Amino acid sequence: MADNNQKDPEPKVGVYICHCGGNISDHVDVAKVAQEAEKLTGVSVAHTNMFMCSDPGQELIQKDIKDGKINRVVVASCAPSLHELTFRSAIKRAGMNPYLYDHANIREQDSWVHHGDPATEKAVALVAAAVSKARHLEPLEPIRVDARNHATVIGGGVAGLRAALDLSRRGIQVALVEKSPFLGGRVAHLNRVNPTGEKAADLIRPLAEAVCNDAGIQVYTCSRVVRFEGYVGNFKLGLKRQPPETPEDLAKLEKWAESGKKEGDYLPFAGYYPQKVPNTAEETEISTGAIVFATGFKTYEPRKGEFGFQENPEVIPLPAFIEAVAKEKPKGGTLTLNGRPIRRVAFIHCVGSRQIPGLHEPDDQGNLNEYCSRTCCSATLQAAIEIREAFPETRVLEYYRDIRTYGRGQEDQYERAADHHVLFFRYEPEAPPVVERAAGGTYPLTVTVKDTLTFGETVEAGVDLVVLAVGMEPNPIQDLIEMMKLPVGADRFLQEVHPKLRPVELANTGILLAGTCQAPMDMGEACNAAQAAAVKAATLLSKGYVELDPFVAKVNEEKCTGTGACVSACPVEAITLKEAEHQGKKIQRARVNPALCTGCGICVAECPNNAIDVMGWTLKQYEEMVDAIVAA
Amino acid sequence: MANDATRSGKGKILILATESCAYPGANSVGQAHSSYPANTYILRVRAPVLFPEKFYLDCFKKGISGIIIMSCGEECPYEGAYHALAKRIDRVFQMMKAHNLDIRRLRLTSICTVCNRAFLKEVNDMNALIQELGPPEFKEAA
Ligand SMILES: Cc1cc2nc3c(=O)[nH]c(=O)nc-3n(C[C@H](O)[C@H](O)[C@H](O)COP(=O)(O)OP(=O)(O)OC[C@H]3O[C@@H](n4cnc5c(N)ncnc54)[C@H](O)[C@@H]3O)c2cc1C
Ligand code: SF4
């Protein structure tokens, strides 16, 4: 077999142009593209094929490699996200380094958006650019680092519990780190969950028990991560376990003490209590291979005066209402809360969600929650139905902007609510319902709204209680975000690499996302993400080593004079200066830790000596591509 | 060799599109079969922060008429990269002025994976601009 790798000094590029049925060839003259490609410097062969991704298409490349005709490959076809890996594997199977390959996207970015001669000309230019890059490609090896068979899950809500259990069942040792004394997160603060109507307790208790009885899982409650170093496969985390001090934790512990329950039991609206709380603070260190974030959400705290909140004791957020109602025995008749009959209750949707710049007031830090919190419509309907079923004399009014019962089985809830004579009013964001103290009459509050369901009629209703369907905000984990340098979106939730193609991965390799720390989700979605993150982490660690994309920064030792510009530019501290010998003198030279480098390239632009580059995406390759485009 | 785009003075637009946002965004425009001018050349980049100031000036010097950086904006998956990029582009603008280049030839924008309309608007706006401005005339700075 010919040596098709780096040792061959002369690049011999094979160009393969796909018809994609007619998807490409109906608009691009592929034969002409092949003809033009053959004229390019460094091109040895140019072929067309009906479907390059088919076996015969791939075999075309493999045969040319095996015959020694080519040592670089360019495929011109659909988007690289679809078949880059296909072609890299085909090349590898033929014995060539899979990174000696580039891709020209002549379908999504050409034949589907341009027609006739311009489409063909553009295909020629894109192929020329890819060939220019390919000529300068060097063989790369995936970076291999040892990995510990251990993962850490941060957050013991439903997502964290699910992820911990799934990881352990795949043979990975797990540390589950929960900041509060209880497991179960926000779900433990629900009564029945929508849309199945199951008791939250019946879901959380067995899950938490399974976690706590699993020999492979070490649970740390009252604990936080306070130190972080290392990289995928080899993270080191400092954990601090300390006596609880937040008012919420202390209140829950008080309830727990009153209940007389022992460790290893569950208390509704507190959670599962696995172990005693510590009396003194203590620190430990754990070595771990991957980290799953499951730090969840907190509910929006309405501003004073927002829909009468904190100005009227009869205005409460939905979680408080759910907890208050859960204490009441369903006895028919009218709901009574704190001895007060609730003849009419008004639910107001979208409180602290879907906020509009210019219309809503930002919080102290200038943040607006422009997103939909996704779970509040369904949770409100769930609460409304429960009231109507258990206390049929209590009337329910719902004030919504849109009903977003988007999930499986949730639209039925909307219909059920309507069947239960829940009365709906629809408001525009510019004219939200106004909650005021009633100036007399039998109800303490009035809610006035311009109802678009009745074509803008102003409707006033007296009510005993107003419940605000507060939205979700990410839990405050700024300390972790800064410590681990995690990307966050404009909405302040953790930001995945790609919302569709890599939905549970962060750009920081080895750190994964589970649940509502990423975006508003319901329980099912949170568990979906948790299971995906667990499998992803398990796959990463199961071989005992991890292979990372080789697209990381590399220092050109000849050129590096140790200015340190890259060191200060690197946002993830992947570069350090190390002493080295150069012509008999001791100098400082930059050294990249490939396991830490994310390959963003920030250092490339900063180095005054052009002594650092991202492998596979070098500046020189880009310059050559621009030259090819200009010349085409 | 020059194709019709350059011969007819239409000029070429270079698009630096991030692999996690704008590049799939451009694919999404393709999936919608929404056409746009063919004098646009998309380069896939991990993060445009990789390019030094000189890269942009060299592109104009070589004859590229317009450059659109389609980044992920605040959604950038690389910590700190977007802010560093925004600062760099400010410096490039200063340098462009020194070289007598209309700074509108370089545009920093963010395009998401499904921002079809925004993508089309950026491309069409830049195309209209370079038709109006004609080819770049790069003057060596004094
Ligand atoms: C009012 C309301 C009603 C709802 N009703 C329903 C419903 O009926 N059906 C449904 O499917 N969904 C419902 N939801 C949504 C449901 O609550 C969430 O989907 C679920 O709680 C998400 O779980 P999680 O594990 O992602 O986050 P969480 O439940 O928030 O758990 C996160 C955990 O992480 C811990 N944590 C946070 N920061 C740290 C840190 N730094 N270190 C260590 N630990 C940390 C927290 O203490 C918590 O235990 C409702 C939500 C609300 C607000
Ligand atoms: S789920 Fe419903 S109440 Fe919640 S923010 Fe979205 S539209 Fe508003």
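Glancing now at the nonpolar core. Counting residues in each nonpolar core, the largest one holds 176 residues, and the members touching the most others are A:Phe293 and B:Tyr56. Examining the composition of this core, we find that eleven residues originate from one element, helix H5 (residues 116-135) of chain A, more than from any other. Contact partners of B:Tyr56, with chain neighbours within four places excluded, come to B:Leu16, B:Pro48, B:Phe51, B:Ile67, B:Ile69, B:Leu85, B:Ile89, B:Val92 and B:Leu106. Formed by 26 residues, the second largest nonpolar core is a distinct cluster that contains A:Ile342, A:Ala383, A:Tyr400 and A:Leu465.

Before going further, it helps to spend a moment on a negative patch on the surface. On the surface, a cluster of negative charge is contributed by A:Glu411, A:Asp412, A:Glu415 and A:Asp419. Note that A:Asp412 resides in helix H11 (residues 410-419).

All names here are of chain A. Within the open sheet, the three strands sit side by side as S24-S25-S26. Their pairing is antiparallel. Looking at strand neighbours, the two that pair on one side only are strand S24 (434-437) and strand S26 (457-463), the edges of this open sheet. The average undirected angle you get between the axes of adjacent strands in this sheet is 25 degrees. Relative to strand S25 (residues 445-451), S24 runs antiparallel, the two sharing four bridges. Paired with Val 434 across the bridge in S25 is Thr 448.

Contact with chain B, which involves 52 residues of that partner, is made by 50 residues of chain A. Both faces considered, chain B and chain A share a buried interface measuring about 4400 Å² in area, 60% of it formed by carbon and sulfur atoms. At the boundary of chain B with chain A, the tally comes to three salt bridges. Here B:Lys62 makes a salt bridge to A:Asp627, at a shortest N to O gap of 2.9 Å. Every element with two or more residues in the side of chain B that touches chain A is listed here: helix H1 (4-7), helix H2 (22-31), strand S2 (40-45), helix H3 (53-62) and helix H4 (81-98) of chain B. Top contributing element to the side of chain B that touches chain A by residue count: H2(B), with seven residues. Of the residues that constitute the side of chain B that touches chain A, the class distribution is 29 nonpolar, twelve polar and eleven charged.

What is meant by a disulfide is a covalent connection between two cysteines, made through their sulfur atoms. All names here are of chain B. Applying the stated criterion across every chain, the model contains two disulfides over all chains. Two residues, Cys 21 and Cys 72, share a disulfide whose sulfurs are 2.3 Å apart. With the S-S bond torsion at 110 degrees, the cross-link from Cys 21 to Cys 72 turns out right-handed. Of the two residues, Cys 21 sits in the loop between strand S1 (13-18) and H2 while Cys 72 sits in the loop between strand S3 (66-71) and H4, which places them 51 residues apart along the sequence. Assessed through its relative accessible area of 10%, Cys 21 is described here as buried. In this model Cys 112 forms its disulfide with Cys 115; the gap between the sulfur atoms is 2.3 Å. Note on the Cys 112 and Cys 115 pair: the S-S dihedral is about 115 degrees, so by sign convention the disulfide is right-handed. Note on Cys 112: relative accessible area 30%, which makes it partly exposed. Exposure remark for Cys 115: the relative accessible area of 22% places this residue in the partly exposed category.

Before going further, it helps to spend a moment on the site of ligand 1. All names here are of chain A. Residues in close proximity to ligand 1 total 34 residues, the closest being Glu 178, Arg 186, Asn 194, Thr 516 and Met 521. Contacts to ligand 1 include Lys 179, whose backbone N or O atom sits 3.1 Å from a nitrogen atom. Among the elements of the structure, helix H6 (158-169), strand S11 (223-231) and strand S17 (297-299) are those that each provide at least two residues to the shell around ligand 1. Partitioned by chemical class, the residues of the shell around ligand 1 number 16 nonpolar, 13 polar and five charged.

Attention now moves to the site of ligand 2. Residue and element names in this part refer to chain A. Residues in contact with ligand 2, as listed here, are His 349, Cys 350, Ser 353, Arg 354, Cys 372, Ser 373, Arg 374, Cys 376, Cys 377, Asp 402 and Arg 404. Among the elements of the structure, strand S21 (344-351) and helix H10 (376-390) are those that each provide at least two residues to the shell around ligand 2. By residue class, the composition of the shell around ligand 2 is four nonpolar, three polar and four charged.

Time to look at unusual backbone geometry. Residue and element names in this part refer to chain A. The peptide bond linking Asn 194 to Pro 195 adopts the cis configuration, its omega dihedral lying at -5 degrees. One can find Pro 195 in the loop between strand S8 (192-193) and strand S9 (198-199). The backbone of Glu 573 sits at a positive phi, close to 55 degrees, despite the residue not being glycine. Secondary-structure assignment places Glu 573 in the loop between helix H14 (565-569) and strand S32 (575-582). For Glu 573, a relative accessible area of 57% corresponds to the exposed category.

A few words on the environment of A:Cys517. All names here are of chain A. Mapped onto the secondary structure, Cys 517 falls in the loop between strand S29 (511-513) and helix H13 (523-541). Taking relative accessible area as the criterion, Cys 517 reaches 2% and is therefore assigned buried. For the pair Cys 517 and Pro 474, spaced 43 residues apart in the sequence, the C-alpha separation amounts to 5.7 Å. When residues no more than four places from it in sequence are discounted, the contact partners of Cys 517 are Phe 293, Ala 294, Thr 295, Gly 296, Phe 493 and Leu 494.

Within the structure shown, the criterion is met by 38 salt bridges over all chains. Residue B:Lys121 is joined to B:Asp125 by a salt bridge in which the shortest nitrogen-to-oxygen separation is 2.6 Å. With B:Lys121 and B:Asp125 both in helix H5 (residues 116-133) and four residues apart, this pair spans about one turn of that helix. Looking at B:Lys121, the relative accessible area reads 52%, which means it is exposed. Overall, the relative accessible area of 39% leaves B:Asp125 in the partly exposed class. Sharing partners across several salt bridges, the network here consists of A:Glu606, B:Glu53, B:Arg88 and B:Arg91.

Looking at the assigned domains, one finds that chain A contains domain 1 (13-141), domain 2 (150-296 + 475-546), domain 3 (306-471) and domain 4 (553-614). Taking the mean C-alpha position of each, domain 1 of chain A and domain 3 of chain A sit 58 Å from one another.

Moving on, we get to the packing of helix H1 (residues 30-38) of chain A against H5(A). Residues and elements named next belong to chain A. Close contact between H1 and H5 brings their axes to 9 Å; oriented N to C, the two are set at 35 degrees. Of the two possible hands of crossing, H1 and H5 adopt the one that is right-handed. Here Lys 32, Val 33, Glu 36 and Ala 37 of H1 lie close against H5, whose contacting residues are Thr 120, Ala 123, Val 124 and Val 127. Class assignment for the residues of the contact of H1 with H5 results in five nonpolar, one polar and two charged.

Each value, and the rule that gives it
- Within any chain, residue numbers begin from 1 and follow the written order of that chain's sequence.
- Both sets of labels track the order of writing: A upward for chains, 1 upward for ligands.
- Owing to the predicted nature of the model, reporting of local features is limited to residues with pLDDT of at least 70; listing and counting of side-chain atom pairs is limited to 80 or more, with chain, interface and lining totals taken over all residues.
- Just so you know, side-chain values use all the structure's heavy atoms and leave hydrogens and water out.
- Working definition of a nonpolar core: buried Ala, Val, Leu, Ile, Met, Phe, Trp, Tyr and Cys residues. They are joined through side-chain atoms within 4.5 Å.
- Each residue is placed in one exposure class: buried if its accessible area under a 1.4 Å probe, protein chains only, is under 20% of its type's maximum, exposed if it is over 50%, and partly exposed if it falls in between.
- By the criteria applied, helices consist of DSSP H or I runs no shorter than four residues and strands consist of E runs no shorter than two, each listed in order from the N terminus.
- Whether two residues are in contact is decided by their heavy atoms, any of which lying within 4.5 Å being enough.
- Like charges are joined within 9 Å and nonpolar side chains (Val, Leu, Ile, Met, Phe, Trp, Tyr) within 5 Å, but only among residues with over 30% relative accessible area and no salt bridge; these make up the patches.
- Computed by Shrake-Rupley with a 1.4 Å probe, the accessible areas treat only the displayed protein chains as cover when residues are assessed.
- Salt bridges are defined by distance alone: a side-chain nitrogen of Lys or Arg within 4 Å of a carboxyl oxygen of Asp or Glu.
- Counted as positive: Lys and Arg. Counted as negative: Asp and Glu, with His and the chain ends omitted from the count.
- Charge positions are represented by NZ for Lys, CZ for Arg, CG for Asp and CD for Glu.
- Any two strands are treated as partners once DSSP identifies two or more bridges connecting them.
- Between N-to-C directions, angles cover 0 to 180 degrees, with each direction set by a line fitted to C-alpha atoms, over the stretch in contact for helices.
- A 1.4 Å probe defines the accessible area here, and the buried area is the portion of it lost by two parts on being joined, summed over both.
- Residue polarity follows a fixed list, in which Ala, Val, Leu, Ile, Met, Phe, Trp, Tyr, Cys and Pro are nonpolar, Asp, Glu, Lys and Arg are charged, and the others, Gly among them, are polar.
- Cysteine sulfurs are considered disulfide-paired once they come within 2.5 Å of each other.
- Only heavy atoms are used to decide nearness, and a residue is near a molecule or strand if one of them lies within 4 Å of it.
- What qualifies as a polar contact is a pair of N or O atoms within 3.5 Å, subject to a donor-acceptor requirement within protein and to the restriction that residues adjacent in sequence count only when both atoms come from side chains.
- A domain assignment, automatic or from a database, supplies the domain bounds used here.
- Whether a crossing is left-handed or right-handed is set by the direction in which the near helix is turned from the far one by less than a right angle, anticlockwise for left-handed and clockwise for right-handed.

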